[in-house]
Amino acid sequence: MSKQQLMDFIVAVKKDESLKAQLKDAQPEEIIRIAQQAGFKFSEEVKGRFRNRWAGVYSCPQREDINEICPALCPPGFKSLAEYSQSTCSPYDKQEKYDFRSGFKYTNVR
């Protein structure tokens, strides 16, 4: 994953109230579009994480920041993006459950 573009995006949004306001109610494709319009070029893996709301990701430090700046990304019924994404995988998984570069396919977990 190209984490630098994602981290730069997080920093920019936290500093820019206008950008933060645009993202408040944005859904995955809209978030990707807003980011692109703001000059960020996310990798397919990062785009896949947004599209799939971090499903299958057991641990990702940036997920907490994304939860803060894109609150509508959290599916209804969950307190946070972390709670949702952890509900879609097992703590025993040795790697992420999904390959975000090729859509939403399962990878060989075990």
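A brief look at the structure comes next.

What counts, and at which threshold
Residues numbered from 1 in each chain as written. Predicted model: local features only at pLDDT ≥ 70, side-chain atom pairs only at ≥ 80, totals over all residues. Heavy atoms only, no water. Salt bridge = Lys/Arg side-chain N within 4 Å of Asp/Glu carboxyl O. Core = buried A, V, L, I, M, F, W, Y, C linked by side-chain atoms within 4.5 Å. Buried < 20%, exposed > 50% of the residue type's maximum accessible area, 1.4 Å probe, protein only. Helix = DSSP H or I, 4+ residues; strand = E, 2+ residues; numbered from the N terminus. Contact = heavy atoms within 4.5 Å.

Here's the deal with the pattern of salt bridges
Two side chains bearing opposite charge may form a pair once their charged atoms approach each other closely.
And then number 1: Across all of its chains, the model carries nine salt bridges by this definition.
And then number 2: Notably, a salt bridge pairs Glu44 with Arg51, separated by 4.0 Å at the nearest N-O pair.
And then number 3: Overlapping salt bridges, with partners in common, bring together Glu29, Glu44, Lys47 and Arg51 in one network.

A closer look at the nonpolar core
Proteins that are soluble and globular tend to have nonpolar side chains buried together.
And then number 1: If you look at the biggest cluster of nonpolar residues, it comprises 23 residues, and the most contacted ones within it are Phe9, Leu23, Phe50, Trp54 and Ile66.
And then number 2: Elements supplying a minimum of two residues to this core: α1 (3-15), α2 (17-23), α3 (28-37), α4 (44-51) and α5 (61-69).
And then number 3: Discounting chain neighbours no more than four positions away, the residues touching Trp54 are Leu6, Arg49, Cys60, Arg63, Ile66, Leu73, Leu81 and Ser85.

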